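Given next are the chains, with one letter for each unit.
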Amino acid sequence: MMSQPSSNAAAQTPVPRSRIITASLVGTTIEFYDFYIYATAAVAVFPALFFIGANETAKLLASMATFGAAFVARPIGSVVFGHFGDRIGRKATLVGALLTMGIATFLIGLLPTYHQIALWAPAMLTILRFCQGLGLGGEWSGAALLATEYAEEGKRARAAMWPQLGAPFGFILANGFVLVLTSLLNFNSARDAGNLDHDFLVWGWRIPFLASIVMVLVGLYVRVKLEETPVFSQAVQNNEKVKTPLVEAFKTSWWPMIQGTFIMVACYVLFYLMTAWILSYGIGKVESGGLGIPYHQFLIIQLISILFFAAGVPVSGWWADKAGRRQQQLITTTLMVLFGLSFRFVMAPEVVGTGANANITQIIIFMSVGMALMGLTFGSMSAYLPELFPTNVRYTGSGISYNVASILGAALTPFVAVWLNAHWGVGAVGAYLAFASVISIVFILLTHETRDVDMYAANPRDSIRPS
């Protein structure tokens, strides 16, 4: 049964665990689906439809820049939604975040292109991408709190891994949808990217964006049926809410916010290398430094590797509950350093081959290892970060940490990786990951173990045992 506060005032009718799992998982799955649909289109569609020029690398860089706009918005979203999440509750705020993300995604599917309205097209695309970031900025921390604040004692990381599974599930839905469409419409990015009359570039790419509205409606139905978490209800009863959570967070929890931000940096770098950048590298033209693998074939490779991401998430939750968050993250992030240093020896074009001569098995193994590491580092973060903060600023503090890390570790990563590969090769991209991982290791070492904190305490840090 759920862990409940001792105060009768905070007692609530027990909420079925299946409802909590569904609400935290469905919402993040929808949010990440929306986010990944954009990432896929940013590589294969938007350079042709929204950005004009003869230089393919420049067009890709411009598209990746709009991709990064959402990461600038995410900390703003964490502040806005964090304020309401810490003031009025987790439930209503999660509904607002889902609507913001879903409506922006649907509208992207209706946008005219550069060939129809010129510069207005990339401008509107960037604005809607920014709105996507606002929604996701408020989504993750709310879903993580929903899971952790209902969790059983000693099983918080395992409970908190459910919203984390939304990332691989959303990816599978997004890329699976695009794979089906490109197969049915016979679209090959290397061959058809310049053919603006191709059905996929005319209307096919819009379908995944428009279809997201159906999932948003499902997510809204699930979340409207939620009740407020017992931890937040206890804080309300004890009059522990603050008028301005952002000010309070910077006043009392500035150091945990810094710690959480840099703990997450390497996780973000790894993930966006293994999703957004690797797609551009895998399907890119050989003369431009890519591997020249057909688009639909590389999507299959990504879908295989994402299964290892999904498998790593529950392992991470179990491991973090047994050994502690700190030890689990230290070992995983050290492995990420070694993985980064392997890029030059495993994925360079002269090593793995290009086009029809590419060693697909080697690519699958490489990407599966990277995604497994992603699952191991990402899975326990939804317990690790919230445990650093008191209830009255937990939504705001954990959200800011998570989303500022997205700027440092993800917003620039696809752009920087494209540039590094163009100038110094794939080995430099791996060195970038290794460097980011070392930074995260330093900040993990600067934290105490948080596995045994009391989430109901006015300040959970008072109950942190020394490392």
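Source: prediction; values computed, not measured. (Residues numbered from 1 in each chain as written. Predicted model: local features only at pLDDT ≥ 70, side-chain atom pairs only at ≥ 80, totals over all residues. Heavy atoms only, no water.)

As for the overall build of the protein chain
Reasoning step 1: From N to C terminus, the protein chain includes 22 helices and zero strands.
Reasoning step 2: Classification of the 467 residues of the protein chain by burial places 60% in the buried group.
Reasoning step 3: Within the protein chain, residue pairs in contact and separated by at least 24 positions form 83% of the contacts whose partners lie at least 6 positions apart.
Reasoning step 4: Put simply, the protein chain shows about 16,700 Å² of open surface, and 68% of that area lies on carbon and sulfur atoms. (Helix = DSSP H or I, 4+ residues; strand = E, 2+ residues; numbered from the N terminus. Buried < 20%, exposed > 50% of the residue type's maximum accessible area, 1.4 Å probe, protein only. Contact = heavy atoms within 4.5 Å. Areas by Shrake-Rupley, 256 points an atom, 1.4 Å probe, with all protein chains shown as cover.)

Things to note about the packing of aromatic side chains
Reasoning step 1: For the structure on display, the rule yields 20 aromatic pairs.
Reasoning step 2: Taking the centre distance of 5.2 Å and the plane angle of 85 degrees together, the rings of Phe271 and Tyr272 count as edge-to-face. Across the pair, exposure class does not vary: Phe271 and Tyr272 are buried alike.
Reasoning step 3: A connected cluster of aromatic rings, assembled from ring pairs, spans Trp140, Tyr268, Phe271, Tyr272, Phe309, Phe378 and Tyr402.
Reasoning step 4: Just above the ring of Tyr38 sits the side chain of Arg129; from NZ or CZ to the centre is 4.2 Å. (Phe/Tyr/Trp six-rings, centres within 6.5 Å; stacked < 30°, edge-to-face > 60°. Lys NZ or Arg CZ within 6 Å of the ring centre and 35° of its normal.)

Here's the deal with the pattern of salt bridges
Reasoning step 1: This model, assessed by the stated rule, comprises six salt bridges.
Reasoning step 2: For Arg156, the salt bridge goes to Glu387, with nearest N and O atoms at 2.8 Å. Taken together, the positions of Arg156 in helix 7 (residues 156–184) and Glu387 in the loop between helix 19 (381–384) and helix 20 (394–411) put the pair 231 residues apart, joining distant regions of the chain. For the residue pair Arg156 and Glu387, the accessibility class agrees, reading buried in each case.
Reasoning step 3: For Asp452, the salt bridge is made with Arg451, and the minimal N-O distance between the two is 3.9 Å.
Reasoning step 4: With a relative accessible area of 45%, Asp452 lands in the partly exposed category.
Reasoning step 5: The class for Arg451 is partly exposed, based on a relative accessible area of 22%. (Salt bridge = Lys/Arg side-chain N within 4 Å of Asp/Glu carboxyl O.)

Thoughts on the packing of helix 13 (residues 254–283) against helix 21 (residues 413–424)
Reasoning step 1: Relative orientation of the contacting elements helix 13 and helix 21 amounts to 55 degrees, with a least axis distance of 9 Å. The angle between the axes of helix 13 and helix 21 places the two elements in the oblique class. For helix 13 against helix 21, the interelement crossing comes out right-handed. Contacts between helix 13 and helix 21 involve Val269, Tyr272, Leu273, Ala276, Trp277, Ser280 and Tyr281 on the former and, on the latter, Thr413, Pro414, Ala417, Val418 and Asn421. (Axes fitted to C-alpha atoms, helices over the stretch in contact; angles between N-to-C directions. Parallel < 35°, antiparallel > 145°, perpendicular 65-115°, else oblique. Left-handed = near helix turned anticlockwise from the far one by under 90°.)

Section: helix 6 (residues 120–148)
Reasoning step 1: An ideal rise of 1.5 Å per residue puts 42 Å on 29 residues; helix 6 measures up with 43 Å between its terminal C-alpha atoms.
Reasoning step 2: Burial analysis of helix 6 places 21 of its 29 residues in the buried class, the great majority of the element. (Expected span 1.5 Å × (residues − 1).)

Some words on the environment of Leu385
Reasoning step 1: Following the sequence through the fold, Leu385 ends up in the loop between helix 19 and helix 20.
Reasoning step 2: Judged by its relative accessible area of 0%, Leu385 falls in the buried class.
Reasoning step 3: In contact with Leu385, other than residues within four places in its own chain, are Trp140, Gly260, Met264, Ser398 and Tyr402.

Side note on the nonpolar core
Reasoning step 1: Formed by 122 residues in total, the largest nonpolar core has its most connected members in Phe46, Trp277, Phe343 and Ile363.
Reasoning step 2: Top contributing element to this core by residue count: helix 13, with 19 residues.
Reasoning step 3: Judged by nonpolar contacts, the second largest core, of nine residues, contains Ala23, Leu145, Val222 and Tyr395. (Core = buried A, V, L, I, M, F, W, Y, C linked by side-chain atoms within 4.5 Å.)

Description of the side chain of Arg325
Reasoning step 1: The topology assignment puts Arg325 in helix 15 (residues 325–341).
Reasoning step 2: On the basis of relative accessible area, Arg325 is assigned to the buried category, the value being 0%.
Reasoning step 3: A distance of 3.0 Å separates the side chain of Arg325 from the side chain of Asp321, its partner in a polar contact.
Reasoning step 4: Beyond its immediate stretch of four places on either side in the chain, Arg325 contacts Arg156, Ala157, Ala320, Ala383, Tyr384, Glu387, Glu449, Thr450 and Arg451. (Polar contact = N/O pair within 3.5 Å; in protein donor to acceptor, adjacent residues only side chain to side chain.)

Considering the confidence of the model for the protein chain
Close reading of the predicted structure is inappropriate where its pLDDT is low.
Reasoning step 1: On average, residues of the protein chain score 84 in pLDDT, and 89% of them reach the 70 mark or higher.
Reasoning step 2: The element-level mean pLDDT for the protein chain is lowest in helix 8 (residues 189–192), coming to 61, with helix 15 highest at 97.
Reasoning step 3: Within the model, the stretch residues 1–12 combines pLDDT values under 50 with 25 contacts to residues more than four positions away or in other chains. (pLDDT = per-residue confidence, 0-100.)

Brief notes about unusual backbone geometry
Reasoning step 1: Not every positive phi belongs to a glycine, and Ala118 is a case in point at roughly 60 degrees.
Reasoning step 2: Topologically, Ala118 is positioned in the loop between helix 5 (114–117) and helix 6.

Some details on the side chain of Thr29
Reasoning step 1: When you line up the elements, Thr29 lands in helix 1 (residues 17–44).
Reasoning step 2: The buried category is assigned to Thr29, whose relative accessible area is 10%.
Reasoning step 3: The residues contacting Thr29, other than those within four sequence positions of it, are Gly166, Phe169, Gly170 and Leu173.

A short note on a nonpolar patch on the surface
Reasoning step 1: A cluster of nonpolar side chains, Phe250, Trp254, Trp255, Ile258, Val438, Val442 and Leu446, forms an exposed patch at the surface whose accessible area comes to about 640 Å².
Reasoning step 2: For the nonpolar patch, the secondary-structure elements that each account for two or more residues are helix 13 and helix 22 (426–445).
Reasoning step 3: Among the elements that line the nonpolar patch, the one with the most residues is helix 13, at three residues.
Reasoning step 4: Within the secondary structure, Val438 is located in helix 22.
Reasoning step 5: Relative accessible area serves as the criterion here: at 41%, Val438 is assigned to the partly exposed category. (Patch = residues over 30% accessible without salt bridge, like charges linked within 9 Å, V, L, I, M, F, W, Y side chains within 5 Å.)

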